[in-house]
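# Coordinate analysis (summary)
Below, each chain spelled out in residue letters.
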Amino acid sequence: MSTAGSSHNPRPVSSNTTYALGAVAIVLIGLIVFAAYKWSAEPPPAVRNEGYGPVREAAVQVTTTPEGVIRLGRPDATATVDLFEDPICPACGAMETAFGQELAQKIDEGKLAVNYHLVTFLDPQSRSKDYSTRATAASLCVAQTGSGPTYSKFHEALFTKKQPEEGASDLSNPALATLATESGAPESVAACITNATMNDAAKTAASKNLADLDARTGNKAATPAIYNGTTKIDWQDENWVVTLAP
């Protein structure tokens, strides 16, 4: 089991054994090996702004860049942060649980916008073996509504109440579609999810997002990762949101 403060790193583990098996590496193509979790003795941060809920202001929009980055915020938001997450990452769930409602209020107030960079390196850790990709595809479908409150409600549920544990049963496409409609999305979005319309786009976006995170970290990518420009933010600092958006 991963602790709430753990991060996930998709980089393969190197070892003398791995080097010794170099001659037969061809048979290992396609095998994905994950690095050990970074355990943290620190307790998860307390929930901030409890009771606020997801974004509620209709003026908040959700858009998607050509690279597949999902932006949630008012068009004229004062500041923007880049947030890298994997839908099944438990530390991402802990971060969203602790700070999601505080972020939502700052987004509503126009003090902050969030660029969501979804990655999918934890696909093999899901029971379906493709949950992160399908959840990312569903997020892209919901983002097509343009409604900030709808996307925020979906994203909140995806990373908190509905987030599956690694190796446990995960959400099917119809279940993700139901979650989208419960969040306020129209039936056309439900069909987009059920029919896996955005799966290829999700894979492309996730690859680009991971490459971006690798470039920022020197190929030591881990989630969640939050950046204010080029400055990495310590998400376990209870004051990071109010520091960015007083």
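I will try to describe carefully the structure that is included in this document. Along each chain, residue indices are assigned from 1 in the same order as the chain's sequence is written. This being a predicted model, a pLDDT of at least 70 is required before a residue's local features are given, and a value of 80 or more before pairs of side-chain atoms are given or counted; all residues contribute to the totals for chains, interfaces and linings. Excluded from the side-chain calculations are hydrogens and water; all other atoms, namely the structure's heavy atoms, are used.

### Considering the packing of aromatic side chains
- Any pair of Phe, Tyr and Trp rings, taking the six-membered ring for Trp, is counted once the centres come within 6.5 Å. Such a pair is stacked with planes under 30 degrees apart, edge-to-face with planes over 60 apart, and tilted for the rest. One pass over the full model with this rule turns up three aromatic pairs.
- With a centroid separation of 6.2 Å and 85 degrees between ring planes, the pair formed by F84 and Y227 is classed as edge-to-face. Taken together, the residues span a long stretch of sequence, with F84 in strand β3 (residues 80-85) and Y227 in strand β5 (residues 225-228) at a distance of 143 residues. With respect to class, F84 is no different from Y227; both count as buried.
- The cationic tip of R56 hangs over the ring face of Y52; the distance from NZ or CZ to the ring centre is 3.7 Å.
- One residue, R216, lies across the ring of Y227, its end atom 4.7 Å from the ring centre. Helix and strand assignments follow DSSP, with helices taken as H or I runs no shorter than four residues and strands as E runs no shorter than two, numbered in order from the N terminus. Classification of residues uses two cut-offs on accessible area relative to the type maximum, computed with a 1.4 Å probe and protein chains only: under 20% is buried, over 50% is exposed, and between them is partly exposed. The criterion for a charge sitting over a ring is simple: Lys NZ or Arg CZ within 6 Å of the ring centre, and within 35 degrees of the ring normal.

### Observations regarding empty space enclosed by the protein
- Lining residues are those with an atom within 4 Å of a point, where the points come from a 1 Å grid over the protein atoms alone and group into cavities, where a 1.4 Å probe fits but cannot get out, or pockets, open sets with protein on both sides within 12 Å along at least five of seven lines. Grid points are joined across faces, edges and corners, and a volume is the space filled by probe spheres set on the points. Scanning all chains against the criterion turns up two cavities of 30 Å³ or more.
- Along the walls of the largest cavity sit 13 residues, with E96, G100, Y116, S152 and H155 positioned nearest its centre.
- Every element with two or more residues in the lining of the largest cavity is listed here: α2 (90-108) and α4 (148-159).
- Tallying contributions element by element places α2 first for the lining of the largest cavity, with six residues.
- When residues are grouped by polarity, Ala, Val, Leu, Ile, Met, Phe, Trp, Tyr, Cys and Pro land in nonpolar, Asp, Glu, Lys and Arg in charged, and all others, Gly among them, in polar. Here the residues of the lining of the largest cavity are counted per class, giving seven nonpolar, four polar and two charged.
- Considering only enclosed or pocket space, the second largest cavity measures out at about 40 Å³ in volume.
- The wall of the second largest cavity is formed by R134, A137, A138, N173, C192, I193, A196, T197, M198 and N199.
- Secondary-structure elements contributing two or more residues to the lining of the second largest cavity are α3 (131-143) and α6 (187-194).
- Looking at the lining of the second largest cavity element by element, the count peaks at three residues for α3.
- Partitioning the lining of the second largest cavity into residue classes produces six nonpolar, three polar and one charged.

### Focus: unusual backbone geometry
- With omega at -5 degrees, the peptide bond leading from T223 into P224 counts as cis.
- Following the sequence through the fold, P224 ends up in the loop between α7 (199-217) and β5.
- Phi at N49 takes a positive value of approximately 60 degrees, unusual for a residue other than glycine.
- Within the secondary structure, N49 sits in the loop between α1 (16-20) and β1 (61-64).
- N49 gets classed as partly exposed once you look at its relative accessible area, which sits at 30%.
- At N219, a residue that is not glycine, the phi angle is positive and equals roughly 65 degrees.
- Along the chain, the position of N219 falls in the loop between α7 and β5.

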